[in-house]
Amino acid sequence: QVQLVESGGGLVQPGGSLRLSCAASGDIFSIFEMAWYRQRPGKQREWIAQVTSEGRRDYADSVKGRFTISRIYANNTVNLQMFSLNSEDTAVYYCHVELRHHYDPDVRRYWGQGTQVTVSS
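Residues numbered from 1 in each chain as written. Predicted model: local features only at pLDDT ≥ 70, side-chain atom pairs only at ≥ 80, totals over all residues. Heavy atoms only, no water.

Draft legend 1. Quick look at the packing of aromatic side chains. For the coordinates displayed, the defined rule picks out 2 aromatic pairs. For the ring pair Tyr37 and Trp111, a centre distance of 4.8 Å and an interplane angle of 65° mean the geometry is edge-to-face. Remark: Trp111 occurs in strand E10 (residues 107-111) and Tyr37 occurs in strand E4 (residues 30-39); sequence separation between them is 74 residues. A residue is classified by how much of its surface remains accessible, and Trp111, at 41% relative accessible area, is partly exposed. On the basis of an interplanar angle of 90° and a centroid distance of 6.4 Å, the ring pair of Tyr94 and Trp111 is categorised as edge-to-face. Placement of Tyr94 in strand E9 (residues 91-100) and of Trp111 in strand E10 is noted, with a sequence separation of 17 residues between them. We classify Tyr94 as buried; its relative accessible area is 13%. One aromatic cluster is present, built from ring pairs that chain together Tyr37, Tyr94 and Trp111. (Phe/Tyr/Trp six-rings, centres within 6.5 Å; stacked < 30°, edge-to-face > 60°. Helix = DSSP H or I, 4+ residues; strand = E, 2+ residues; numbered from the N terminus. Buried < 20%, exposed > 50% of the residue type's maximum accessible area, 1.4 Å probe, protein only.)

See the structure below:
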């Protein structure tokens, strides 16, 4: 019912920056939260940033001060601007959305397909 199209991943040198984008489309009545997760090699998937329905932004300590999450309400898009990247930021990054469909009172959750970010010289 909902598709999350993720883009912006790639190879970047240490100290560099990247911007990830995730656009949600389909049967969307309202979005409550949009977030970014990542899974580093050999580790569990971890939450790194989110923006709530009230516009509040929260970050994991590992990315605080370096990453910025933002939401474009007009086209149901969430971005993640990443700065001062280092090797520990190498991971598959996933977009996550909590939303309501039309005529459905329940909150539904969707994941993007993931996009690879590699930080290397």
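Draft legend 2. The arrangement of the pattern of salt bridges in detail. Here the structure, examined in full by the defined rule, presents 10 salt bridges. Note that Asp58 is salt-bridged to Arg56, the shortest N-O span being 3.2 Å. On the basis of relative accessibility, which here comes to 25%, the residue Asp58 falls in the partly exposed class. According to the relative accessible area criterion, Arg56 is partly exposed, its value standing at 47%. (Salt bridge = Lys/Arg side-chain N within 4 Å of Asp/Glu carboxyl O.)

Draft legend 3. Main features of the environment of Gly65. Mapping Gly65 onto the fold places it in the loop between strand E6 (57-59) and strand E7 (67-72). The exposure class assigned to Gly65 is exposed, which follows from its relative accessible area of 75%. Spatially, the C-alpha atoms of Gly65 and Met82 are 9.6 Å apart, while their sequence positions differ by 17 residues.

Draft legend 4. Just the side chain of Asn79, in detail. Within the secondary structure, Asn79 sits in strand E8 (residues 77-82). We classify Asn79 as buried; its relative accessible area is 12%. For Asn79, the contacting residues outside a window of four places in its chain are Leu20, Ser21, Cys22, Trp36, Thr68, Ile69, Ser70 and Ile72. (Contact = heavy atoms within 4.5 Å.)

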